[in-house]
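Each chain, letter by letter, is given below.
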Amino acid sequence: MLVKDLNIGMALKLNGKKLAIELEDRLLSDIALGTEKASRPPGLAVIRVGNDPASGVYVSNKERACARVGVNSFLSHFSENANSSEVIARIQELNRDDLVDGILVQLPLPKELNEQEILAAIDPNKDADGLHTLNLGRLLKSERGPRSCTPAGVMALLSRYEIPIEGKRAVVVGRSILVGQPMALMLQAQNATVSIAHSRTKELTSLTGEADLLVVAAGRPGIIGSNHIKPGAVVVDVGIHRILSTGEKESGNKPKLCGDVLFEEVDPLASALTPVPGGVGPMTVTMLLVNTVSLWQEHCGLSYTLDDLLP
Ligand code: NAP
């Protein structure tokens, strides 16, 4: 069902979980086809420093996703006490390793490490996260290159559900390098008229109320409610938060996930909405695979088959 067929009343759910499965099938077959000519599968190196449990979960999700589509993953796990030079030396080895197409540093790094210096050490042509300065510049200039995974995942979702972007009024809440800024550039590249809101924006409600397409990446649970929404708007919730009530803590239950958008309030007003979980989240890992496979195609002289997913 397409968004244009819908009446307001209950929003179409943009199902990232389902699209991620579809795209993994596509990656599986592209990798199977290319591996014969390339004589090797794609390779993704993941660097983890310290023992942050959430990072551990993210890294193992990425390793499992690699295994599902046939990407070799190579984990370098440093202790909490590792210094920046050790991590950079490993990145330099991986930059030279012909079996590695993409390198990913799992964030956040321990505070003592120089995150900027470490990320800058990654060869931009192995930048699986698309966050290297050169690749952000390539996005700005609409040149081919790996793209920031979360906003690229949002664009893939919008495209899959044939949501029109050209000429639409888009508002992005959040201006981080990870999400908000590249998101705004990608929407602008598809001819939306884009405004960016941030923590110093005055009258957020009236700005978001103008949006045909609202992307929320503020990292503030429930910041967007019904009073922020133009009826019929498409609302993409990038935020993800684990909320554990006191009762749940006591009973040992799992935390509940929620986004930056008050789902129950916005659902009756929006024409389309991403759920949390199951919306944007699953797309982020898939786009990491898309970047890695696309870099592999480049490194091995194969035809590019994924450019429609690199906005
Ligand atoms: P971030 O680096 O903390 O950036 C948050 C942005 O939101 C900042 O630009 C900030 O403004 C702005 N902001 C904060 N409070 C605001 C307010 N009251 N009104 C308007 N703008 C406000 O966060 P991020 O890395 O971009 O991530 C944002 C959210 O997305 C987080 O919940 C994160 O967990 C989630 N996320 C999800 C995925 C996924 O795969 N689903 C991936 C990445 C991130 P200033 O610039 O003025 O400080």
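This section reports on the structure supplied with the text. (Residues numbered from 1 in each chain as written. Predicted model: local features only at pLDDT ≥ 70, side-chain atom pairs only at ≥ 80, totals over all residues. Heavy atoms only, no water.)

**Structural notes on the overall build of the chain**
- Looking only at helices and strands, the chain features 11 helices and 11 strands.
- By the compact-globule yardstick of 19 Å for 311 residues, the chain fits well, its C-alpha radius of gyration being 20 Å.
- Viewed in the frame of its principal axes, the chain has a C-alpha envelope of about 55 × 50 × 35 Å.
- Counting across all 311 residues of the chain, residues that qualify as buried make up 49%.
- Taking contacts inside the chain between residues at least 6 apart in sequence as the whole, the part at least 24 apart equals 70%.
- A total of about 14700 Å² of accessible surface is found on the chain, and carbon and sulfur atoms cover 52% of it.
- Taking the 31 positively charged and 36 negatively charged side chains of the chain as two groups, their mean positions are separated by 2 Å. (Helix = DSSP H or I, 4+ residues; strand = E, 2+ residues; numbered from the N terminus. Rg over C-alpha atoms; globule rule 2.2 N^0.38 Å. Buried < 20%, exposed > 50% of the residue type's maximum accessible area, 1.4 Å probe, protein only. Contact = heavy atoms within 4.5 Å. Areas by Shrake-Rupley, 256 points an atom, 1.4 Å probe, with all protein chains shown as cover. Lys, Arg positive; Asp, Glu negative; His and termini not counted. Charge placed at Lys NZ, Arg CZ, Asp CG, Glu CD.)

**Describing the pairing of strand β5 (residues 169-173)**
- Most of β5 is tucked away: four of the five residues are buried.
- One ladder, built from five bridges, connects β5 with strand β6 (residues 193-197); its direction is parallel. The residue of β6 that forms the bridge with V172 is I196.
- You can see the chain leave β5, run along helix α7 (residues 180-189) and come back into β6, and the turn it takes is right-handed.
- Relative to strand β7 (residues 213-216), β5 runs parallel, the two being bridged by four bridges. (Pairing = 2+ DSSP bridges. Right-handed = clockwise from strand over helix to strand, strands pointing away.)

**Quick notes on the site of the ligand**
- If you check the shell around the ligand, you find 20 residues, and the closest are R175, S176, H198, S199 and T284.
- Take H198: an N or O atom from its main chain is 3.4 Å from a nitrogen atom of the ligand.
- At 3.5 Å, a backbone N or O of V238 approaches a nitrogen atom of the ligand.
- In the complex, the protein chains occlude 71% of the 930 Å² of accessible area that the ligand would expose alone. (Near = heavy atom within 4 Å. Polar contact = N/O pair within 3.5 Å; in protein donor to acceptor, adjacent residues only side chain to side chain.)

**Some remarks on the packing of helix α6 (residues 149-160) against helix α11 (residues 280-299)**
- At a closest axis distance of 8 Å, the pairing of α6 and α11 adopts a crossing angle of 105°. With respect to α11, the element α6 is oriented roughly perpendicular. Residues C149, T150, A152, G153, V154, A156 and L157 of α6 touch α11, and the partners they reach there are V280, M283, T284, M287, L288 and N291.
- Here the contact of α6 with α11 is composed, by residue class, of nine nonpolar, four polar and no charged. (Axes fitted to C-alpha atoms, helices over the stretch in contact; angles between N-to-C directions. Parallel < 35°, antiparallel > 145°, perpendicular 65-115°, else oblique. Nonpolar A, V, L, I, M, F, W, Y, C, P; charged D, E, K, R; others polar.)

**Focus: the sheet that holds strand β4 (residues 102-105)**
- Ordered by their spatial adjacency, three strands build an open sheet running β3-β2-β4, and the pairing between neighbours is parallel. Single-partner strands in this sheet number two, and they are β3 (72-78) and β4. Here the average twist between neighbouring strands, direction ignored, is 15°.
- One ladder, built from seven bridges, connects strand β2 (residues 43-49) with β3; its direction is parallel. Paired with R48 across the strands is H77, a residue of β3.
- Lying over the sheet, helix α2 (residues 53-69) contacts β2, β3 and β4, oriented at roughly 170° with respect to β2.

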